[in-house]
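Now for the letters of each chain:
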Amino acid sequence: MAQENVQAEVQPTQLALPRHVAIIMDGNGRWAKKKNLPRYMGHREGVKAVRRIVSACQKRGIEALTLFAFSSENWRRPKTEVGLLMDLFVHTLKKEVNRLDRNGVHIRFIGNLTAFDPKLRSLMDIAEQQTAHNHRLTLVIAVNYGGRWDLAEAARRLAARAMAGELEVDDIDSEALGGELCIADLPEPDLFIRTGGEQRISNFLLWQLAYTELYFTDLLWPDFTDAAFSEALQSFASRQRRFGQTGDQIEQSKRA
Ligand code: IPE
Ligand code: IPE
Ligand code: MG
């Protein structure tokens, strides 16, 4: 009995940890509305949650964190909100990049970046270049990103290679297509988190999430704390990932 208790105590440090976490940071607007504040204040508060979760990942030794910051559909929002979000991106990049760099974070952006104004694009370029040598955590920010766009781009690139005679049409398989997608060089996300209570993917990483463990919480993004992140990690650790196999097969391979 005593032995069992000891095991239960040491277990948390041995929890299976995701290598790559992908998050839909949703609920900023509702957070502000609840407090009778303009939606913009919710986005500003959301930046603080980003800081918290980036350090939470670093503290735990997670390799990659992908954050959905602006979807290809978010342009449909009122012009003023889109404008304020762009201003917040610029402001945040200027303010945070040096600190992230000092902390060993490699920043990357995915999405159709051609849509952004040159000032923002150059800040993104600088952030990527300045932090390219860092290896402690890869922070991927998805902006003007859509999973369908990602897949269409990959298909277009494969078609261009086939037209140029570099690739046979018969060589186009799921490995070839997957290899052309954004973040193909990173491990696929192990854990997906969506805050804000909605249970949908909203055109985030459609292909890359094929075998990701999904976790939904009603907490609004600005309220998402280190403790809430720990709960998501606990949930992840309690799941058996089978990738099509049976539970017994997984248990056997663990013992082998
Ligand atoms: C997520 O929060 C941030 C972005 C999409 C930029 P929302 O702005 O979608 O917040 P809700 O869903 O309206 O509360
Ligand atoms: C998804 O949130 C996109 C981001 C968090 C950037 P939305 O708030 O845009 O998603 P929908 O519209 O509710 O599906
Ligand atoms: Mg939303």
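One numbering rule holds for all chains: residues counted from 1, following each sequence as written. Whichever chain is written first becomes A and whichever ligand is written first becomes 1, with later ones labelled in order. Under the rules for a predicted model, residues below a pLDDT of 70 receive no local features and side-chain atom pairs below 80 are neither given nor counted, while totals for whole chains, interfaces and linings still include all residues. As a convention, hydrogens and water are excluded, and side-chain values are obtained from all of the structure's heavy atoms.

Here's the deal with the site of ligand 2
Next, step 1: In the vicinity of ligand 2, the contacting residues are Ile-24, Met-25, Asp-26, Phe-68, Ala-69, Phe-70, Ser-71, Asn-74, Arg-77, Arg-194, Arg-200 and Ser-202.
Next, step 2: Within the side chain of Asp-26, a nitrogen or oxygen atom sits 3.1 Å from an oxygen atom of ligand 2.
Next, step 3: For this analysis, a polar contact is any N or O atom pair within 3.5 Å, provided that within protein one partner can donate a hydrogen and the other can accept it, and provided that sequence-adjacent residues contribute only side-chain to side-chain pairs. Within the side chain of Arg-200, an N or O atom sits 2.8 Å from an oxygen atom of ligand 2.
Next, step 4: Note that accessible areas follow from Shrake-Rupley with a 1.4 Å probe, and for residues the cover is restricted to the protein chains shown. Across the complex, the protein chains shield 77% of the 390 Å² of accessible surface that ligand 2 would expose by itself.
Next, step 5: Examining the composition of the shell around ligand 2, we find that four residues originate from one element, strand β2 (residues 64-71), more than from any other.
Next, step 6: Of the residues assigned to the shell around ligand 2, the class counts are five nonpolar, three polar and four charged. Near residues are defined by distance, with any heavy atom within 4 Å of the molecule or strand qualifying the residue. The helix and strand labels rest on DSSP assignments: H or I over at least four residues marks a helix, E over at least two residues marks a strand, and numbering proceeds from the N terminus. The residue classification treats Ala, Val, Leu, Ile, Met, Phe, Trp, Tyr, Cys and Pro as nonpolar and Asp, Glu, Lys and Arg as charged. All others, Gly included, are polar.

A look at the packing of helix α3 (residues 39-60) against helix α8 (residues 226-237)
Next, step 1: At a closest axis distance of 10 Å, the pairing of α3 and α8 adopts a crossing angle of 55°. In terms of orientation, α3 and α8 fall into the oblique class. Every pair of crossing elements has a handedness; the one defined by α3 and α8 is right-handed. The residues of α8 that touch α3, namely those facing Ile-53, Ala-56, Cys-57, Lys-59 and Arg-60, are Asp-226, Phe-229, Ser-230 and Leu-233.
Next, step 2: Along the lines of polarity and charge, the residues of the contact of α3 with α8 split into five nonpolar, one polar and three charged. Angular values range over 0 to 180 degrees, each being the angle between N-to-C directions of two axes fitted as lines to C-alpha atoms, with helices fitted over their stretch in contact. Relative orientations are named as follows: roughly parallel for angles under 35 degrees, roughly antiparallel for angles over 145 degrees, roughly perpendicular for angles from 65 to 115 degrees, and oblique for any other angle. Note: crossing handedness is left-handed where the near helix turns anticlockwise from the far helix by less than a right angle, and right-handed where it turns clockwise. Only heavy atoms enter the contact rule, under which two residues are in contact if any of them lie within 4.5 Å.

Here we look at the nonpolar core
Next, step 1: Here the nonpolar core consists of buried residues drawn from Ala, Val, Leu, Ile, Met, Phe, Trp, Tyr and Cys, with membership extended through side-chain atoms lying within 4.5 Å. The buried label applies to any residue whose accessible area, calculated with a 1.4 Å probe on protein chains only, is under 20% of its type's maximum; exposed applies above 50%, and partly exposed to all values in between. If you look at the biggest cluster of nonpolar residues, it comprises 43 residues, and the most contacted ones within it are Ile-23, Leu-65, Ile-193 and Phe-229.
Next, step 2: Among the elements that take part in this core, helix α4 (residues 79-102) stands out by supplying eight residues, more than any other.
Next, step 3: Residues within four places of Phe-229 in sequence aside, it is in contact with Val-21, Ile-53, Ala-56, Cys-57, Arg-60, Ile-62, Ile-193 and Phe-224.
Next, step 4: Phe-68, Ile-110, Ile-183 and Leu-205 belong to the second-largest nonpolar core, a separate cluster that totals 15 residues.

Quick look at the site of ligand 1
Next, step 1: Inspection of the region around ligand 1 gives Met-25, Asp-26, Gly-27, Asn-28, Gly-29, Arg-30, Arg-39, His-43, Ala-69, Asn-74, Arg-77 and Leu-85 as its neighbouring residues.
Next, step 2: A distance of 3.4 Å separates an oxygen atom of ligand 1 from a polar atom in the backbone of Gly-27.
Next, step 3: Arg-30 places a side-chain nitrogen or oxygen 2.7 Å from an oxygen atom of ligand 1.
Next, step 4: Burial of ligand 1 by the surrounding chains reaches 87%, relative to a free accessible area of 380 Å².
Next, step 5: Secondary structure elements with two or more residues in the shell around ligand 1: α2 (28-34) and α3.
Next, step 6: Ranked by residue count, the leading element in the shell around ligand 1 is α2, at three residues.

Side note on the packing of aromatic side chains
Each aromatic ring pair is specified by the distance between its two centres and by the angle formed by the two planes.
Next, step 1: The rule is short: rings of Phe, Tyr and Trp, with Trp giving its six-membered ring, pair when the centres are within 6.5 Å, and they are stacked under 30 degrees, edge-to-face over 60, tilted in between. By the definition in use, this model includes twelve aromatic pairs.
Next, step 2: A ring pair is formed by Tyr-145 and Trp-149, whose centres lie 6.1 Å apart and whose planes are at 80°; its orientation type is edge-to-face.
Next, step 3: Note on Tyr-145: relative accessible area 0%, which makes it buried.
Next, step 4: Here the aromatic rings of Phe-192 and Phe-216 are separated by 5.7 Å at their centres, their planes lie at 65°, and the arrangement is edge-to-face. Of the two residues, Phe-192 is situated in strand β5 (residues 191-194) and Phe-216 in strand β6 (residues 213-216); the sequence distance between them amounts to 24 residues.
Next, step 5: Judged by relative accessible area, which is 0%, Phe-192 ranks as buried.

Some remarks on the confidence of the model for the protein
Next, step 1: Per-residue confidence from the prediction method is given by pLDDT, with values spanning 0 to 100. Considering every residue of the protein, the mean pLDDT works out to 95; 95% of them sit at 70 or more.
Next, step 2: Here residues 1-12 is modelled with pLDDT under 50, and outside its nearest four sequence neighbours on either side it reaches zero contacts, counting other chains as well.

Here's the deal with α4
Since the α-helix turns once every 3.6 residues, residues separated by three or four places project in the same direction.
Next, step 1: To estimate how far a helix should reach, multiply one less than its number of residues by 1.5 Å. With 24 residues, α4 extends 35 Å between its outermost C-alpha atoms, agreeing within 8% with the 34 Å of an ideal straight helix rising 1.5 Å per residue.
Next, step 2: Fitting axes to the seven residues that end at a residue and to the seven that start at it, the angle between those axes gives the bend at that residue. Where α4 bends most, at Glu-96, the angle is about 40°.

As for the pattern of salt bridges
Next, step 1: What makes a salt bridge here is a side-chain nitrogen of Lys or Arg within 4 Å of a carboxyl oxygen of Asp or Glu, nothing more. For the coordinates displayed, the defined rule picks out 22 salt bridges.
Next, step 2: A salt bridge links Glu-81 to Arg-77; the shortest N-O distance between them is 2.9 Å.
Next, step 3: Residue Arg-77 is classed as partly exposed on the basis of its relative accessible area, which comes to 28%.
Next, step 4: For Arg-241, the salt bridge identified is with Glu-213, shortest N-O distance 3.7 Å. Here Arg-241, found in the loop between α8 and α9 (247-255), pairs with Glu-213, found in strand β6; they are 28 residues apart in sequence, far enough to count as distant.

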